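Chains, contacts and geometry: an overview
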Amino acid sequence: MSLANLNFFMSEAATNLRRSGMMSFITISTIGIALIMMGAFLLATMNMESFLYQMQAEALVTAYLKPEVSISDAKTLSLRLTSLEEIENIMVVTPEQAAKELFSNPDDQQLMQIGITPEENPLPTTLRMKVKAGTHLPPLLEKLKSEPLIDNFSYGEELFQQFQGLSHLLWVTSLVIVIMLGLASLFIVYNTVRLTLYMRREEIIIMKLVGATNWFVRGPFIVEGFIQGMVGSFLAIIVLFATYRFALGKLSELIPFFTASIGFEQMFKLAAKLFMMGLVLGISGSLLSLRDINRFSKSTPEGV
Amino acid sequence: MIELQGVTRIFPNGVRALNNISLTINPGDFVFLVGPSGAGKSTFLRMLFREDVPTEGKILIDGKDITTMPEGRVPYLRRNLGIVLQDFQLLKRRTVAENVAFGLRVVGASASVINTRVQEALEQVGLSHKRRMFPTELSGGEQQRVCIARAIVNNPLILITDEPTGNLDPMISQEIMQLFLEINSRGTTVVMATHNHNLVNKLRKRVLALVDGQIVKDEACGTYAYE
Ligand SMILES: Nc1ncnc2c1ncn2[C@@H]1O[C@H](COP(=O)(O)OP(=O)(O)OP(=O)(O)O)[C@@H](O)[C@H]1O
Ligand SMILES: [Mg+2]
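Being a predicted model, the structure only gives us computed values, none of them experimental. (Residues numbered from 1 in each chain as written. Chains lettered and ligands numbered in written order. Predicted model: local features only at pLDDT ≥ 70, side-chain atom pairs only at ≥ 80, totals over all residues. Heavy atoms only, no water.)

**A short note on the overall build of chain A**
To keep it simple, the criterion reads: Every helix listed is a DSSP run of H or I at least four residues long, and every strand listed is a run of E at least two residues long, numbered separately from the N terminus. Buried residues are those whose accessible area, probed at 1.4 Å on protein chains only, stays under 20% of the maximum for their type, while exposed residues exceed 50% and partly exposed ones sit between those limits. By definition in these notes, contact holds between two residues if any of their heavy atoms fall within 4.5 Å. For accessible areas, the Shrake-Rupley method is used with a probe of radius 1.4 Å. Any residue's cover is judged against the shown protein chains and nothing else.
Looking only at helices and strands, chain A has ten helices and four strands in total. The N-to-C order of helical and strand elements in chain A reads α-α-β-α-β-α-β-α-β-α-α-α-α-α. The buried share among the 304 residues of chain A stands at 44%. Long-range pairs, those at least 24 residues apart, make up 86% of the contacts in chain A with a sequence separation of at least 6. Approximately 16700 Å² of chain A is accessible, and the part contributed by carbon and sulfur atoms is 67%.

**A closer look at the overall build of chain B**
Formally: His is not counted, nor are the chain ends, whereas Lys and Arg count as positive and Asp and Glu as negative. By convention, the point assigned to a charge is CZ for Arg, NZ for Lys, CD for Glu and CG for Asp.
Looking only at helices and strands, chain B features seven helices and ten strands. When its C-alpha atoms are laid out on the principal axes, chain B stretches across 45 × 40 × 35 Å. Excluding contacts between residues fewer than 6 apart, the proportion of contacts in chain B whose partners are at least 24 apart in sequence is 66%. Put simply, chain B shows about 9600 Å² of open surface, and 48% of that area lies on carbon and sulfur atoms. Charge centroids of chain B, computed over 26 positive and 23 negative side chains, lie 5 Å from each other.

**As for the pairing of strand β7 (residues 158–162) of chain B**
Residue and element names in this part refer to chain B. Let me state the cut-off plainly: Two strands qualify as a pair provided DSSP detects at least 2 bridges between them.
Summarising burial for β7: five of the five residues are buried, a large majority. Alternating residues of β7 divide into I158, I160 and D162 and L159 and T161, and every residue in both groups is buried. In this structure, strand β6 (residues 81–84) lies alongside β7, joined through four bridges in parallel fashion. Paired with I83 across the bridge in β7 is I160. Bridge count between β7 and strand β8 (residues 189–193): five bridges; the pairing is parallel.

**Observations regarding the confidence of the model for chain B**
Residues and elements named next belong to chain B. Heads up, the rule is: Confidence scores here are pLDDT values: one per residue, from the predictor, ranging 0 to 100.
In this model, chain B carries a mean pLDDT of 92, and residues with pLDDT of at least 70 account for 100%. Summarising per-element confidence for chain B, the mean pLDDT is lowest in helix α7 (residues 197–203) (90) and highest in β8 (96). Taken over the whole predicted complex, pTM reads 0.74, whereas the ipTM for its chain interfaces reads 0.88.

**Quick notes on the interface of chain B and chain A**
The test is simple: For this document, the term salt bridge refers to a Lys or Arg side-chain nitrogen within 4 Å of an Asp or Glu carboxyl oxygen. Distance and chemistry together define a polar contact, namely a pair of N or O atoms within 3.5 Å, with one atom able to donate a hydrogen and the other to accept it when in protein, and with adjacent residues in sequence counting only for side-chain atoms on both sides. Here the term charged refers only to Asp, Glu, Lys and Arg, the term nonpolar to Ala, Val, Leu, Ile, Met, Phe, Trp, Tyr, Cys and Pro, and the term polar to all other amino acids, Gly among them.
Facing 27 residues of chain B, the contacting portion of chain A comprises 24 residues. One can count three salt bridges joining chain B with chain A. Across the chain B-chain A interface, the total number found is five residue pairs in polar contact (both at pLDDT 80 or more). Contributions of two or more residues to the side of chain B that touches chain A are made by α2 (74–78) and α3 (96–105) of chain B. For the side of chain B that touches chain A, the class distribution of residues is eleven nonpolar, three polar and 13 charged.

**Some details on the pairing of strand β1 (residues 2–10) of chain B**
Residues and elements named next belong to chain B. With six bridges connecting them, β1 and strand β2 (residues 16–25) associate as antiparallel partners. Across the sheet, V7 pairs through a bridge with I21, a residue of β2. Counted between consecutive antiparallel strands, the loop separating β1 from β2 contains five residues, among which G14 sits at a positive phi close to 95 degrees. Judged from the five bridges that link them, β1 and strand β4 (residues 56–61) form a sheet pairing that is antiparallel.

**Things to note about unusual backbone geometry**
Positive phi is not limited to glycine here, since B:R50 has a value of about 55 degrees. Residue position: B:R50 is located in the loop between α1 (41–48) and β4.

**As for the sheet that holds β4(B)**
All names here are of chain B. Put simply, the rule is: Angles here are taken between N-to-C directions and fall from 0 to 180 degrees, while the axes themselves are lines fitted to C-alpha atoms, restricted in helices to the stretch in contact.
The strand order across the open sheet formed by four strands is β2-β1-β4-β5, and the pairing between neighbours is antiparallel. Strand pairing shows two members of the sheet lacking a second neighbour, β2 and β5 (64–65), which therefore form its edges. Relative to β2, α1 is tilted by about 55 degrees, and along the sheet it contacts β1, β2 and β4.

**Quick notes on the packing of helix α1 (residues 3–19) of chain A against helix α8 (residues 214–254) of chain A**
All names here are of chain A. Rule in force here: Between 65 and 115 degrees an angle is taken as roughly perpendicular, under 35 as roughly parallel, over 145 as roughly antiparallel, and anywhere else as oblique. Crossing handedness follows the turn of the near helix against the far one: under a right angle anticlockwise gives a left-handed crossing, and clockwise gives a right-handed one.
Look at α1 against α8: their axes get within 8 Å of each other, and the N-to-C directions meet at 60 degrees. Relative to α8, the element α1 lies oblique. Crossing geometry of α1 relative to α8 is assigned as right-handed. Only W215, F216, G219, P220, V223, E224, I227 and Q228 of α8 make contact with α1, whose side of the interface consists of N5, F8, F9, M10, E12, A13, N16 and L17. Residues that form the contact of α1 with α8 fall into these classes: ten nonpolar, four polar and two charged.

**Here's the deal with the confidence of the model for chain A**
Where the model shows low pLDDT, its predicted coordinates should not be examined in detail. All names here are of chain A. Chain-level pLDDT for chain A is 81 on average; 85% of the residues reach the 70-or-more range. Mean pLDDT across the elements of chain A bottoms out in helix α10 (residues 294–297) (68) and peaks in helix α9 (residues 264–289) (90). Counted against residues more than four places away or in other chains, residues 300–304, with its pLDDT under 50, gives nine contacts.

**Notes on the pattern of salt bridges**
Across all of its chains, the model carries 16 salt bridges over all chains by this definition. A salt bridge links A:E147 to A:R80; the nearest nitrogen and oxygen atoms lie 3.1 Å apart. Of this pair, A:E147 sits in the loop between α5 (137–145) and β4 (150–154) while A:R80 is found in helix α3 (residues 71–82), placing the two residues 67 residues apart along the sequence. By relative accessible area, which is 12% here, A:E147 ends up buried. Note on A:R80: relative accessible area 46%, which makes it partly exposed. The salt bridge involving B:D29 is made with B:R206; its shortest N-O contact spans 3.4 Å. One end of the pair, B:D29, is in the loop between β2 and β3 (30–34); the other, B:R206, is in strand β9 (residues 206–211), and 177 residues separate them in sequence.

**Looking at the environment of A:L288**
All names here are of chain A. You can see L288 is positioned in helix α9. Each C-alpha atom of the pair L288 and Q266 lies 32 Å from the other, and the pair is 22 residues apart in sequence. Non-local contacts of L288, meaning those with residues more than four positions away in its chain, are made with L186 and Y190.

Structure representation (C-alpha cells):
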C-alpha cells in the first residue's frame, strides 16, 4: 500500500466520521459500553481471586517427618526449607511439644487413655511452615514431596481444592460473559457499518467503476473501525478506572482494614487488554461487514 | 482492440438480451450503438467493462479474454477504460476537482500527479474555472462534462459511454458529442450507445444497430436507421 493510499484512507475516514456522526457515536459507545462491562467483570474477578489467594495463604503446611529423623536433622531441614522463596517461616515441633499441645486441650485428655503418654509418644516430629502471602501452592508441594525426610504432609487440602474450584469457576464465568459481550457488541458494530455501507453505496459504485480494488474501497472503513475502536476503548478505560478508584475509596472508608489488592502492573495489563479488544472489535466489525463488498459495487441493484 | 466472439447473454428470467454477437472494434474507432429500447445496448456495454459476463462466448480486450478474468483483475481492466453513464454519477459532497481526482486516487497516484492531471482533464472539458464548485451547483451538461473529465483523467484506451446525452437538451448534447470527438481524435477508442439520431446521422461514424439482442446492421459511415 502506497503512502498516497494511506493518506487518502485517513482523510476519507476523517471526513466520513464527521459526516456520519451518529453512526460513529453508536459504534464508539457500543464498543465503549461493552468494554466497560468486560473490564468491570475482569476487575471483579481479579479482586476476588486475589482475596482468595490471601485467605488461602494463611493456611499452614504441616510436614510430618519420618519417625527415625532426629531433632537436629529436623532443624537442619527446616533451615534449608526456610531459604525457599515461598516460605515465610518454619517452626519445628518436637513430639513432646505436640503431645503437650494435645494435652492442653481438655477434650483431648481422653487421648491419654488410648496410650499417648509423654513417655510412649507415637507422634512424629513436624515442621509447621507458614507460606508467604499470594503463593501458588502446587509447586511448593512438589518440592516438599521430593524431600526424603518428609513422610507426609497436610495443607488443608479441602480448602485448597475449594479455592481452586472457586477461582476456576470465577474465571470461566467471567470469560463466558466477556465473550458474550464481545459477540453482542460485534453484532452491533457489524450492523452499523453495514448501514454506513448502504449509505455510501453510490460512492462505492463510482470507486469500483474507475478501477478501485476491493481493498482500496475497504481502506477508509477499516481506518474508521480502527479509530472508533481506539476512541471507544480509551473512553472505556478512563471511565472504568475512575469508577474503580472511586469505589475503592468508598470501600476503604466503610471497611477500615480493606486494602486494594490489584497492583499497578495488573491494572496496566488490563487496560492494554481492553484497548486491544476495542481495536479488534472496531476492525473486525468493519471487516466482517465488508467481506461481500462486490454486492454493493454493481451499478445495477440486481447485480450479476 | 475489442473483439466479441459469439457473445450471448441470457438473464436468469429467460430474457435473451444478447444473441450470438461477433464483431471487432479497432483501435481509434468511433462506434455508435443504436437500437430500440430493450435491444440490449446497455447489456452490451456492461459486458465491455466486466460489470456483467456473457452466458456464452468470449470478449477480448487488447487480446485478453475478460470473460474469464478473475474478479481481482477487474479493477486493473477498468483503469484502462473510461466509463460515462447516462445519469451523471458524481459525488454530491465532493467538489468538481475531487470528483475528477477519484479516477487517479484509486490507483494511488501522488498529489502532484493528481493536481496536474485533473487540471488538464478539466481544461479539456472546459470546466477548470469551476473546479472548486460542487456538482449541485452545475448544470446537467456541466455535470456530464465532469464525468467525462473523470473518465479521461487516466488516459484510457477505450471510452465506453451509455446515452451520455440522454438527459441533455440538443444544444448541450452537441457540445458533449464534440468533446467525445476530440477525445477520439487523440486516439481513444469510443463506444457510445445513443438514441440521438440527429447526431448519429450528422457525424457519419461506424454504426452498430442492435435489435432484440442481435446485430442487424454494421455500417462504416452509417445512419441511425435500424429497420
Ligand atoms: N438484470 C437483468 N435481469 C433481467 N433482464 C434484464 C436485466 N437487464 C436487462 N434486462 C433485459 O434485457 C434486455 C436488454 O436490456 P438493455 O438494458 O440492454 O436495453 P437497452 O438497449 O439498453 O435499452 P434502453 O435503450 O432502454 O436503455 C431488456 O429486455 C431488459 O429487460
Ligand atoms: Mg440502456
